[in-house]
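# Descriptive structure summary
Below are the chains, spelled out letter by letter.
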Amino acid sequence: MSWRGELNKVYSATYKNWIISKRNAFTLFELVFWPFIGLISIGLLTRFLEVGDDMVAFVLVGAIALSILQISQIDVAYILLFDLWSKSIKQTFVAPIRGYHLVLGAMLFGVIRGVAVFLVLAAASRHLFGFDFLAGGVVTVIVFLAGTFITAASIGMVVCISILLFGQRADVAAWTLSGIMMLVSGVYYPVSILPGPLQILSKSIPLTYLLEYYRSAYGYGDHQILLGIAIALLYFAASLLILNLAIERARRTGMMLRLSE
Amino acid sequence: MPALRAEKITKSFRGLFKDKKVLFDISLSIEEGEIFGILGPNGAGKTTLMSIFSTLIRPDGGSLEVLGRDALRDTHAIRERINISSGNPNFPWSLTVRENLRHSAMLYGMYGRSLSKSVDEAISAFELGSQSDAKFETLSTGQKQRVSLAKSILNRPKILFLDEPTSGLDPEMAMKTRDLIKRIYQEEEITVVLTTHYMPEAEELCDRIAFLREGRLVALGTPAELKRALQIGHRIFVNYDGEIDPLKLRIIPGVMEVRELPGRVEMVFDHSGRAVSSIIKAFEGADILDIGIEEPDLEDVFLELAR
């Protein structure tokens, strides 16, 4: 197989996600409406509570990060979800395709959508709440976004793994996992206020480190971004490996057939 | 070298309380260039076997060679050279016919002009030109079936698996689909493995047939071999006017079954030749209005084997 053939296998997931998204009016809700509503709500709450600019930056960073994470992870989860909903999983998995083709292709689309959401939300938060998203410099933004996309891809893969292991009813994981992230990784509050066991759990989640890194540009203490990126990469590699194992397991158990019926 | 060789393939599916075994020691060999049918009643394991052959799912036990490769290890290389089309097919709903075919071609690593050419050829071969920009969800059952068949030839497979390709189609569309299958088979010089419920279809298309019942291979051979092996009798019907003694028919050597209807008798007999003259003699005293003899068909084989 030529490298162009391999690239096109990767691009197949990007292509499918792009076509389905552009045909679906609700994509706009996913991409603009809900992230925007989230940002405005949180921003207005800071106004109501009359908090300082540093606190506004703290919570808006969290709101923006959560929106990007949700968008990008769902794009990776869509590699199975779209097929699951149209009962066409079989068509994908009788083809000579591997897990990484699907994940990288979907991730590419997730990155494009994630960057678009980031730009929209950053512009809106600057205009409405005076939040300067470039205070830490362009490199900070790039590292933060890259880490978020890698983390999102891992979450998306966990959704796919859940579906392959437990069947269609596990698709709820697509909306649940980012909620759990919100709770324990300090999206709207510092993780230091979490109960002890949850603080330990928060240290195992890359988003915690990414948020600390981005917020450090606004005067919120130290960060351990290298550790965060390393954990994110480790999870990414592990998720990819487990996804491939889950695909093979679904072939053994017959789940692959049941998901197509 | 056979296109496919299966040895003692077994498969179970996990149930709530215990596993359900759906295939028991299936062994068969499919030669290159033949159209091979897998028949059997509902629940016989046809689709499961087809899914194993096409590497979609893995067997629990046994060995499987496809195109000379070990299908349990070299799955990726095998998938490059096979394809499958299923009855009642599904593709992403909101993609058009052309987009679905492009997406499928990408999954097979096609690119550039060869991708576009293959998609155009598939659209043309299955007369999907006027629907090429229609979303999959808006197509009729027959059109969806044709999209599935078009997708199955994109990568020019060496083995084409067709799982109930005419399922849910009206007779005219089913006939067209069978013609398309014959055309692909002839033009592409490939091996075709198909499952069907419809016996005339199997009789029309298949060189050899494997018959499954409750997960077991109960017969294997050409349609003619199966009929001979099962000693399925010929059918004779006689329409008559007058009175006859049915007992005289039942005692004729070679008559296996007699069914009486008003003014008509239907019988099954072995084709010894002497039975026919004896049957006609038994109608002495009545006027024979019409008489006909039918050879057994695959439907009879199916009914016999499904019992």
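The notes below deal with the structure included here. (Residues numbered from 1 in each chain as written. Chains lettered and ligands numbered in written order. Predicted model: local features only at pLDDT ≥ 70, side-chain atom pairs only at ≥ 80, totals over all residues.)

Next up on the list: the overall build of chain A. A tally of helices and strands in chain A yields 11 helices and 0 strands. The C-alpha radius of gyration computed for chain A amounts to 19 Å, which stays within 12% of the reference 18 Å derived for 261 residues, consistent with globular compactness. Expressed as lengths along the three principal axes of its C-alpha atoms, the size of chain A is roughly 55 × 40 × 35 Å. Across the 261 residues that make up chain A, the buried fraction comes to 48%. Here the analysis covers contacts within chain A between residues at least 6 apart in sequence; of these, 77% occur between residues at least 24 apart. (Helix = DSSP H or I, 4+ residues; strand = E, 2+ residues; numbered from the N terminus. Rg over C-alpha atoms; globule rule 2.2 N^0.38 Å. Buried ≥ 20, exposed ≤ 12 C-beta atoms within 10 Å, placed from the backbone. Contact = placed C-beta atoms within 7 Å.)

With that settled, the discussion passes to the packing of helix α5 (residues 99-129) of chain A against helix α10 (residues 225-253) of chain A. All names here are of chain A. Viewed as axis vectors pointing N to C, α5 and α10 meet at an angle of 125 degrees, and their least axial separation amounts to 9 Å. Taken together, the axes of α5 and α10 lie oblique to each other. Seen from above, α5 lies across α10 with right-handed handedness. Packed against α5, whose contacting residues are Gly99, Tyr100 and Val103, the element α10 presents Leu240, Leu243, Asn244 and Ile247 at the interface. Taken together, the residues of the contact of α5 with α10 break down into 5 nonpolar, 2 polar and no charged. (Axes fitted to C-alpha atoms, helices over the stretch in contact; angles between N-to-C directions. Parallel < 35°, antiparallel > 145°, perpendicular 65-115°, else oblique. Left-handed = near helix turned anticlockwise from the far one by under 90°. Nonpolar A, V, L, I, M, F, W, Y, C, P; charged D, E, K, R; others polar.)

With that settled, the discussion passes to the pairing of strand β3 (residues 35-39) of chain B. Residues and elements named next belong to chain B. Counting buried positions along β3 gives 5 out of 5 residues, so the element sits mostly inside the fold. By the alternation rule, side chains of β3 split into Ile35, Gly37 and Leu39 and Phe36 and Ile38, which are all buried. Here β3 pairs with strand β8 (residues 191-196) via 5 bridges, running parallel. Residue pairing in the sheet places isoleucine 38 in a bridge with threonine 195 of β8. Relative to strand β9 (residues 208-213), β3 runs parallel, the two sharing 4 bridges. Looking at the pairing, phenylalanine 36 lines up with arginine 208 of β9. (Pairing = 2+ DSSP bridges.)

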